[in-house]
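# Breakdown of the fold
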Amino acid sequence: MKDEEAADLFGALSNADRLKVIRALVDAGPSGMTAGTLAEKINASPSRASFHLSALFEAGFILRERRSRSLVYQVDFVRIAALLNFLMEGCCMGDDTLKSCCNF
């Protein structure tokens, strides 16, 4: 991951409600949740939740899948792991022995 891509991702996360969305979707795991359920979980109006879901989808943090008449949102765990690896790649000055503390 390049610096510019990481900066864009952090920009998408620079909102408390979006962090709540990500955390709720992480908790939901691979089954994900609908926008309405997510709105209730983060205590937001459906339109506000949809606004944040759209921003996170555009940034590539979440995936959406149509199931019957509903859209179900899921975290893109691969994308989040890539961002975490970007942050931690220089951990402990690259020493593999020291770096094991981070589990990355």
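Here, every reference points to the structure presented above.
Cut-off values and rules
- Residues numbered from 1 in each chain as written.
- Predicted model: local features only at pLDDT ≥ 70, side-chain atom pairs only at ≥ 80, totals over all residues.
- Heavy atoms only, no water.
- Axes fitted to C-alpha atoms, helices over the stretch in contact; angles between N-to-C directions.
- Helix = DSSP H or I, 4+ residues; strand = E, 2+ residues; numbered from the N terminus.
- Parallel < 35°, antiparallel > 145°, perpendicular 65-115°, else oblique.
- Left-handed = near helix turned anticlockwise from the far one by under 90°.
- Contact = heavy atoms within 4.5 Å.
- Nonpolar A, V, L, I, M, F, W, Y, C, P; charged D, E, K, R; others polar.
- Salt bridge = Lys/Arg side-chain N within 4 Å of Asp/Glu carboxyl O.
- Buried < 20%, exposed > 50% of the residue type's maximum accessible area, 1.4 Å probe, protein only.
- Phe/Tyr/Trp six-rings, centres within 6.5 Å; stacked < 30°, edge-to-face > 60°.
- Lys NZ or Arg CZ within 6 Å of the ring centre and 35° of its normal.

Between helix H2 (residues 16-28) and helix H3 (residues 35-42), the shortest axis-to-axis distance is 10 Å and the interhelical angle comes to 115°. With respect to their mutual orientation, H2 and H3 come out roughly perpendicular. You can see that H2 and H3 cross each other, and the crossing is right-handed. Contacts between H2 and H3 involve Asp 17, Lys 20, Val 21, Ala 24 and Leu 25 on the former and, on the latter, Leu 38, Lys 41 and Ile 42. Here the contact of H2 with H3 is composed, by residue class, of five nonpolar, no polar and three charged.

Once their charged atoms are close, side chains differing in charge can pair, the charge on each being opposite to the other. A complete count under the given rule lists four salt bridges for this structure. Across the pair Arg 79 and Glu 5 runs a salt bridge, and its minimum N-O distance is 2.5 Å. One end of the pair, Arg 79, is in helix H5 (residues 77-88); the other, Glu 5, is in helix H1 (residues 3-12), and 74 residues separate them in sequence. The exposure class of Glu 5 is partly exposed, given its relative accessible area of 30%. Residues Glu 65 and Arg 67 are paired through a salt bridge, measuring 3.5 Å at the closest nitrogen-oxygen approach. The structure contains a network of salt bridges with shared partners spanning Asp 17, Lys 20 and Arg 48.

This structure, assessed with the given rule, holds zero aromatic pairs. Over the aromatic face of Phe 57 sits the side chain of Arg 64, whose NZ or CZ is 3.8 Å from the ring centroid.

Inspection of the secondary structure assignment puts Leu 63 in strand E2 (residues 62-67). Sequence separation between Leu 63 and Gly 32 is 31 residues, and the spatial gap between their C-alpha atoms is 9.2 Å.

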